[in-house]
Amino acid sequence: MWDYSEKVIEHYRNPKNVGKIDDADAVGKAGSLACGDQLKIYLKIKDNIVTDAKFQTFGCGSAVASSSILTEMIIGKSIEEVKKITNKDIAEQLGGLPPEKMHCSVMGYEALEDALKTWNNDNEALSDLKKPEKIVCTCFEVTENQIWDAIKQNGLKTIEEVTNYTKAGGACGKCKGIIQDIINTYQAKEQDAQKLSPTQKILKINNIIETQISPELQKDGGDINLVDIKDNKVYVKLHGKCSTCKNATLTIKRFVEQTLKTAMDEDIEVIEA
């Protein structure tokens, strides 16, 4: 029998903000009925502030509680504040979750992230930069990015921990080898990032920009140059079409940042100079 906190029990028995917002500014979803848990979250946003949030979920008591407290956490917050919320924050607000139920907090984080993506996704010019996500666990439809994010945010080191947080590997188990490869790759990148000297770091980041990022931006008539690096902050200059539209700039920044995070260091932050 799992040990639940009083807050989990309270939000399960009396969930807050249940329902649907018909004229929502952003809608996000996570999970799937195949894995027994699914969440849909609706946001109203005005002047970059979340003014209302509601959810619909199909799942266990932990899924209901995680969804309920998440809506309370984001209402009244700015988009920048909301973007910083992680699954660990959700679990902590609930007074903790059993390891086997941590995937419920991850589902809340993923639904919120998906909603924010739909809110920002009004620039079609960069659709060619989007790549389909690779499904690792076909039983529960868990992607490589979801596993990577769970490892990064929670410091996961074993397949069992990844299963607790994402459900990946919890059914047929055929994907456990791939999960271990992802864990090994993440740990190797962390070690490499720690070993690089400042000069080596600059050279490697500049090489990634020149060989991976710049060619993609040039397809859309833009380009990018490395300006400076201070700790994990990477300052770049955008050129051409990509520097003329605010929404396009935000989308490109996310693309650049994610590329550098994947190739280098998950703590990298990209700033336009």
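The rules we used
- Residues numbered from 1 in each chain as written.
- Predicted model: local features only at pLDDT ≥ 70, side-chain atom pairs only at ≥ 80, totals over all residues.
- Heavy atoms only, no water.
- Helix = DSSP H or I, 4+ residues; strand = E, 2+ residues; numbered from the N terminus.
- Rg over C-alpha atoms; globule rule 2.2 N^0.38 Å.
- Buried < 20%, exposed > 50% of the residue type's maximum accessible area, 1.4 Å probe, protein only.
- Contact = heavy atoms within 4.5 Å.
- Lys, Arg positive; Asp, Glu negative; His and termini not counted.
- Charge placed at Lys NZ, Arg CZ, Asp CG, Glu CD.
- Pairing = 2+ DSSP bridges.
- Axes fitted to C-alpha atoms, helices over the stretch in contact; angles between N-to-C directions.
- pLDDT = per-residue confidence, 0-100.
- Salt bridge = Lys/Arg side-chain N within 4 Å of Asp/Glu carboxyl O.
- Core = buried A, V, L, I, M, F, W, Y, C linked by side-chain atoms within 4.5 Å.
- Expected span 1.5 Å × (residues − 1).
- Disulfide = S-S within 2.5 Å.

## Some thoughts on the overall build of the protein
And then number 1: Counting secondary structure elements, the protein contains 10 helices and eight strands.
And then number 2: Since a compact globule built from 273 residues should have a radius of gyration of about 19 Å, the 20 Å found for the protein is in line with a globular shape.
And then number 3: Overall size of the protein, expressed as C-alpha extent along the three principal axes, is 55 × 45 × 30 Å.
And then number 4: Per-residue burial for the protein yields a buried fraction of 42% across its 273 residues.
And then number 5: Across the protein, the fraction of contacts at a sequence separation of at least 24, relative to all contacts at a separation of at least 6, is 59%.
And then number 6: Separation between the mean location of the 36 positive side-chain charges and that of the 42 negative ones in the protein comes to 1 Å.

## Looking at unusual backbone geometry
And then number 1: The phi torsion at Asn 17 lies on the positive side, around 60°, for a residue other than glycine.
And then number 2: Counting through the fold element by element, Asn 17 comes out in the loop between helix H1 (6–13) and strand E1 (26–32).
And then number 3: Residue class for Asn 17 comes out partly exposed when judged on its relative accessible area of 23%.

## Quick notes on the sheet that holds E1
And then number 1: Taken in spatial order, the three strands line up as E1-E2-E3 in an open sheet, and their pairing is antiparallel. Each of the sheet's edge strands pairs with one partner strand only, and the pair in question is E1 and strand E3 (49–58). For this sheet, the mean angle separating the axes of adjacent strands, direction not counted, is 15°.
And then number 2: Where strand E2 (residues 37–46) lies against E3, nine bridges are found, and the strand directions are antiparallel. Bridge pairing in E3 places Ile 41 opposite Phe 55.
And then number 3: The sheet strands contacting helix H2 (residues 61–74) are E2 and E3, and the helix crosses E3 at an angle near 175°.
And then number 4: Along the sheet, helix H5 (residues 102–120) contacts E1, E2 and E3; its crossing angle with E1, the most-contacted strand, is approximately 145°.

## Overview of the confidence of the model for the protein
And then number 1: When pLDDT is averaged along the protein, the result is 86, and 90% of the positions lie at 70 or above.
And then number 2: Within the protein, helix H10 (residues 246–263) has the poorest average pLDDT of any element, 77, and H2 the best, 96.
And then number 3: Counted against residues more than four places away or in other chains, residues 122–130, with its pLDDT under 50, gives 13 contacts.

## Thoughts on the sheet that holds strand E8 (residues 269–272)
And then number 1: Spatial ordering of the open sheet is given by E6-E7-E8, a layout of three strands whose pairing is mixed. Edge positions in the sheet fall to strand E6 (222–230) and E8, since each of these pairs with one other strand and no more. Between one strand and the next, the sheet's axes are offset by a mean angle of 35°, whatever the strand orientation.

## Here we look at the pattern of salt bridges
And then number 1: A complete count under the given rule lists seven salt bridges for this structure.
And then number 2: Here Lys 83 makes a salt bridge to Glu 80, at a shortest N to O gap of 3.7 Å. Pair noted here: Lys 83 and Glu 80 are both in helix H3 (residues 79–83), with a separation of three residues, about one helical turn.
And then number 3: Judged by its relative accessible area of 40%, Lys 83 is partly exposed.
And then number 4: When salt bridges that share partners are traced, they join Asp 23, Asp 25 and Lys 44 into one network.

## Focus: the nonpolar core
And then number 1: The biggest cluster of nonpolar side chains holds 51 residues, and the ones touching the most others in it are Leu 43, Val 50, Ile 74, Leu 112, Ile 147, Ile 151 and Ile 179.
And then number 2: Per element, the largest residue contribution to this core is nine residues, and it comes from H5.
And then number 3: With residues near it in sequence (within four places) discarded, Val 50 still touches Leu 43, Lys 44, Ile 45, Ile 74, Ile 75, Gly 76, Lys 77, Ile 79 and Val 82.
And then number 4: Listed in part, the 17 residues of the second largest apolar core include Ile 209, Leu 217, Ile 229 and Val 256.

## Quick word on H2
And then number 1: Along its 14 residues, H2 runs 20 Å from first to last C-alpha, staying within 8% of the 20 Å computed at 1.5 Å per residue.
And then number 2: Counting buried positions along H2 yields 13 of 14 residues, so the element is predominantly enclosed.
And then number 3: The positive-phi residue at the C-terminal boundary of H2 is Gly 76, with phi of around 90°.

## Things to note about the state of the cysteines
And then number 1: Under the definition given, this model contains zero disulfides.
And then number 2: Counting only cysteine sulfurs, Cys 175 is the nearest neighbor of Cys 137, a cysteine outside any disulfide, at a range of 4.0 Å.

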